[in-house]
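# An overview of the molecular structure
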Amino acid sequence: MSTTTFTVVGMSCGGCVRKVTGELSGIDGVRDVSVDLASGHVAVTSDAPVDQSVFRAVVESAGYTVAGSDIATKEKAS
């Protein structure tokens, strides 16, 4: 398992959170998505690390932006 965290810019309401959560949940291997609207902080838990470009592409296709290069992935022993 791994957890990837990053900040999404442009979310302004619960609908934005649902959209981002739904899009990220559709990535193969994703187990859980947690989005904090106030901070824009997103944490994605997946079976294995997901290439950062995939997260960026999914967030951008939903109409938002991943802030800078702040994507970080931590692997956990299963």
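Along each chain, the written sequence defines residue order, and numbers are assigned to residues from 1. Given that the model is predicted, a residue must reach a pLDDT of at least 70 before its local features are reported, and side-chain atom pairs must reach 80 or more before they are shown or counted; all residues, however, enter totals for whole chains, interfaces and linings. Derived side-chain values reflect all non-hydrogen atoms in the structure, with water molecules and hydrogen atoms excluded from consideration.

A few words now on the side chain of S46. With respect to the helices and strands, the residue S46 is situated in strand 3 (residues 41-46). Between N or O atoms, a polar contact is any pair within 3.5 Å; within protein, one atom must be a potential hydrogen donor and the other a potential acceptor, and residues adjacent in sequence are included only when both atoms are from side chains. Side-chain polar atoms of S46 contact the backbone oxygen of A48, separated by 2.7 Å. A helix here means a DSSP run of H or I that spans at least four residues, while a strand means a run of E at least two residues long, and both kinds are numbered starting from the N terminus.

Next up on the list: helix 2 (residues 52-61). Each residue is assigned to one of three classes by its accessible area relative to the maximum for its type, calculated with a 1.4 Å probe on protein chains only: buried under 20%, partly exposed between the two thresholds, exposed over 50%. Within helix 2, burial applies to F55, V58 and V59. Buried residues of helix 2 fall within an arc of 95° about the axis and therefore sit on the same side. Note: the arc covers the axis-to-C-beta directions of the helix.

Locating T5 in the fold gives a position in strand 1 (residues 2-9). With a relative accessible area of 24%, T5 lands in the partly exposed category. Sequence separation of T5 and K74 is 69 residues, and the distance between their C-alpha atoms is 8.6 Å.

Let us now look at helix 1 (residues 14-25). Each residue after the first adds 1.5 Å to the expected span of a helix. A rise of 1.5 Å per residue sets the reference length of helix 1, with its 12 residues, at 16 Å; its end C-alpha atoms lie 16 Å apart and thus fit the reference within 8%. Residues of helix 1 that are buried include every one of C16, V17, V20 and L24, and no others. Buried residues in helix 1, looked at end-on, bunch into an arc of 100°, giving them a common side. Throughout, a residue-residue contact means that at least one pair of heavy atoms, one from each residue, lies within 4.5 Å. Check the buried side of helix 1 and you find it contacts strand 1, strand 2 (30-35), strand 3 and helix 2.

This part covers the nonpolar core. Residue types Ala, Val, Leu, Ile, Met, Phe, Trp, Tyr and Cys, when buried and joined through side-chain atoms within 4.5 Å, form a set referred to as a nonpolar core. Judged by nonpolar contacts, the single largest core of 21 residues is most densely connected at F6, L24, V42, V44 and Y64. Of all the secondary-structure elements, those providing two or more residues to this core are strand 1, helix 1, strand 2, strand 3 and helix 2. Ranked by the residues each element gives to this core, the list is headed by helix 1, at 4 residues. Beyond its immediate sequence surroundings of up to four residues, L24 is in contact with F6, V30, V33, V42, V44, F55, V58 and V59.

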